[in-house]
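# Structural features, examined
Residue strings, one per chain:
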Amino acid sequence: MNKYTNLLAITALFWATVSIAQKQKAAKPIEPATVFAVPVRLSQELMRLSDMSGGKVGICATHIETGKTIVQHGKEGFPMASSYKVAIATQLLTRVDSGSLTLAQLIPITKNDFHPGSGMLSDRFNWPNSPNSDLSLSVRSLLELMLLISDNSATDICLRLAGGPAAVNACMKRIGVEGLRVNRPTAWLIADCVGIPMAANQAWSPARYDSLAKFSTVSTREASYIAFENDPRDTSTPEAMTLLLTKLYTQPILKPASQALILDSMKRCETGLARLKGALPPDTEVLHKTGTIGLTASDVGIITLPGNAGHVAISVFVKSSHKDGPVRERTIAEVTRTIYDYFLFL
């Protein structure tokens, strides 16, 4: 091989290396750091759709492959309700990754583990006049009950196994998510919302909850709803939740098996089908988690756009709405479809 041929070969190798590096750099997802210039018409349409809810709507949607981000009230705190279960699951799986827990580990379920709200544990296993449930479930089963059907009893056990609210918040800080805070198990969160005086420093029991529930009237419940909306506990900014979703999808904050488990569980979520999914094409892949309580509704997740157009991490929160649940859900669906179409045809 002569010098000229050598030079050509070296030059070709150099440009091939540069090309590969550029492609890898281009494919690397960008965190939502700066907000690009959202078209005025898009902002106006999102505000028009938000008005349907009768409350305030917080939005943060990031096109993962480009980092382009759409926000509305993005730095304001919104009650997460059950969408905070994404953060709990993240910390729980962090403990699994560290070896502190195993997914196959069986956790005994006691009568005091049965909490009010959504799910199936309390309905199916809280047998009358039985002092014990004689029930044990694996960590994996509890995690999936929390994420798939939003079971509140499973959630509060998962929160305990995760190390409690302080451990979840420390996890969020460690991975660089600011503006999201978990403070209470669902049992106390629900009690506070509906005006049942369940002091958190006293032991939980279904009998105690039922005995205090009789003091919750329509007027006290309405006052509690409003107070709950202004409570900074268990809230997230739309930007913080979307950043958590983006990190879960693109970064090694969990080991591969744990990352796959949480994302697959969110893909199989059975609640809130009229929210993020509500106005999208039927075959659209959506990994998500919903939240509903009081005057609040939310859905947060990751949408796969068709035709290799990328992915959108999105959080839509509605608060302070006195309109019926289906109206709030329709608002979330219409906002989501508008953002879906924008990024699809961008």
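Relevant structure appears above.
Just so it is clear, the model here is predicted, and its values are computed rather than measured.

Scoring rules and cut-offs
Residues numbered from 1 in each chain as written. Predicted model: local features only at pLDDT ≥ 70, side-chain atom pairs only at ≥ 80, totals over all residues. Heavy atoms only, no water. Buried < 20%, exposed > 50% of the residue type's maximum accessible area, 1.4 Å probe, protein only. Helix = DSSP H or I, 4+ residues; strand = E, 2+ residues; numbered from the N terminus. 1 Å grid on protein atoms, 1.4 Å probe; cavity = no way out; pocket = protein on both sides within 12 Å on 5 of 7 lines; lining within 4 Å. Points joined across faces, edges and corners; volume = space filled by probe spheres on them. Nonpolar A, V, L, I, M, F, W, Y, C, P; charged D, E, K, R; others polar. Core = buried A, V, L, I, M, F, W, Y, C linked by side-chain atoms within 4.5 Å. Axes fitted to C-alpha atoms, helices over the stretch in contact; angles between N-to-C directions. Parallel < 35°, antiparallel > 145°, perpendicular 65-115°, else oblique. Left-handed = near helix turned anticlockwise from the far one by under 90°. Contact = heavy atoms within 4.5 Å. Pairing = 2+ DSSP bridges. Salt bridge = Lys/Arg side-chain N within 4 Å of Asp/Glu carboxyl O. Polar contact = N/O pair within 3.5 Å; in protein donor to acceptor, adjacent residues only side chain to side chain.

Bringing helix H5 (residues 139-148) into the picture now. Think of an α-helix as turning once every 3.6 residues; residues three or four places apart then point the same way. The element H5 is extensively covered by neighbouring structure, given that eight of its ten residues are classed as buried. Turning to H5, its buried residues number three or more, namely Val139, Leu142, Leu143, Glu144, Leu145, Met146, Leu147 and Leu148. Phi turns positive one or two residues past the end of H5, at Ser150, with a value near 60°.

Looking at the largest pocket, its volume works out to about 250 Å³. As for the largest pocket, its lining consists of 20 residues, of which Ser82, Ser118, Ser150, Asn152 and Thr292 are closest to the centre. Those elements giving two or more residues to the lining of the largest pocket turn out to be helix H8 (186-194) and strand E7 (286-293). Tallying contributions element by element places E7 first for the lining of the largest pocket, with five residues. Looking at the lining of the largest pocket residue by residue, the class counts come to six nonpolar, eleven polar and three charged.

With that settled, the discussion passes to the nonpolar core. Among the nonpolar cores identified, the biggest contains 71 residues, and Leu121, Leu142, Leu180, Val182, Leu244 and Ile262 are the most heavily contacted of them. Core analysis: the second largest hydrophobic core is formed by 24 residues, Ile70, Ala297, Ile303 and Val312 among them.

This next bit is on the packing of helix H3 (residues 85-98) against helix H12 (residues 256-267). Close contact between H3 and H12 brings their axes to 10 Å; oriented N to C, the two are set at 150°. Relative to H12, the element H3 lies roughly antiparallel. As for the relative orientation of H3 and H12, their crossing is right-handed in sense. Residues Val86, Ala89, Thr90, Leu93 and Asp97 of H3 form the contact with H12, whose participating residues are Ser258, Leu261, Ile262 and Met266.

On to the sheet that holds strand E9 (residues 311-319). Spatial ordering of the open sheet is given by E2-E1-E9-E8-E7, a layout of five strands whose pairing is antiparallel. Since the sheet does not close on itself, it has two edges, and those belong to strand E2 (69-72) and E7, each with one partner. Across the sheet, the mean angle from the axis of one strand to that of its neighbour is 5°, orientation sign disregarded. Across four bridges, strand E1 (residues 56-63) lies against E2 in antiparallel orientation. Within E2, the residue paired with Ala61 across the bridge is Ile70. The strands touched by helix H2 (residues 40-51) are E1 and E2; relative to E2, the strand with the most contacts, the crossing angle is about 45°.

What follows is about the pairing of E7. Side chains on a regular strand alternate between the two faces of the sheet. The buried count for E7 comes to seven of eight residues, which makes it a mostly enclosed element. With eight bridges joining them, E7 and strand E8 (residues 296-304) adopt antiparallel strand pairing. Note on E8: the bridge partner recorded for Val286 is Ile303. In sequence, E7 turns back onto E8 through a hairpin of two residues, with Gly294 there showing a positive phi of about 55°.

Applying the stated criterion across every chain, the model contains 17 salt bridges. Salt-bridge contacts for Asp231 lead to Arg233; the nearest nitrogen and oxygen are separated by 2.8 Å. Exposure remark for Arg233: the relative accessible area of 32% places this residue in the partly exposed category. Residue Arg337 is joined to Asp341 by a salt bridge in which the shortest nitrogen-to-oxygen separation is 3.0 Å.

A separate point is the side chain of Ser82. Positionally, Ser82 belongs in the loop between strand E3 (78-79) and H3. Residue classification places Ser82 among the buried positions, given a relative accessible area of 11%. A polar side-chain atom of Ser82 sits 2.9 Å from a polar atom in the side chain of Lys85. Polar contacts involving the side chain of Ser82 include one to the side chain of Ser150, which spans 3.2 Å. Ignoring anything within four residues of it in the chain, the contact list for Ser82 reads Ser150, Asn152, Lys289, Thr290, Gly291 and Thr292.

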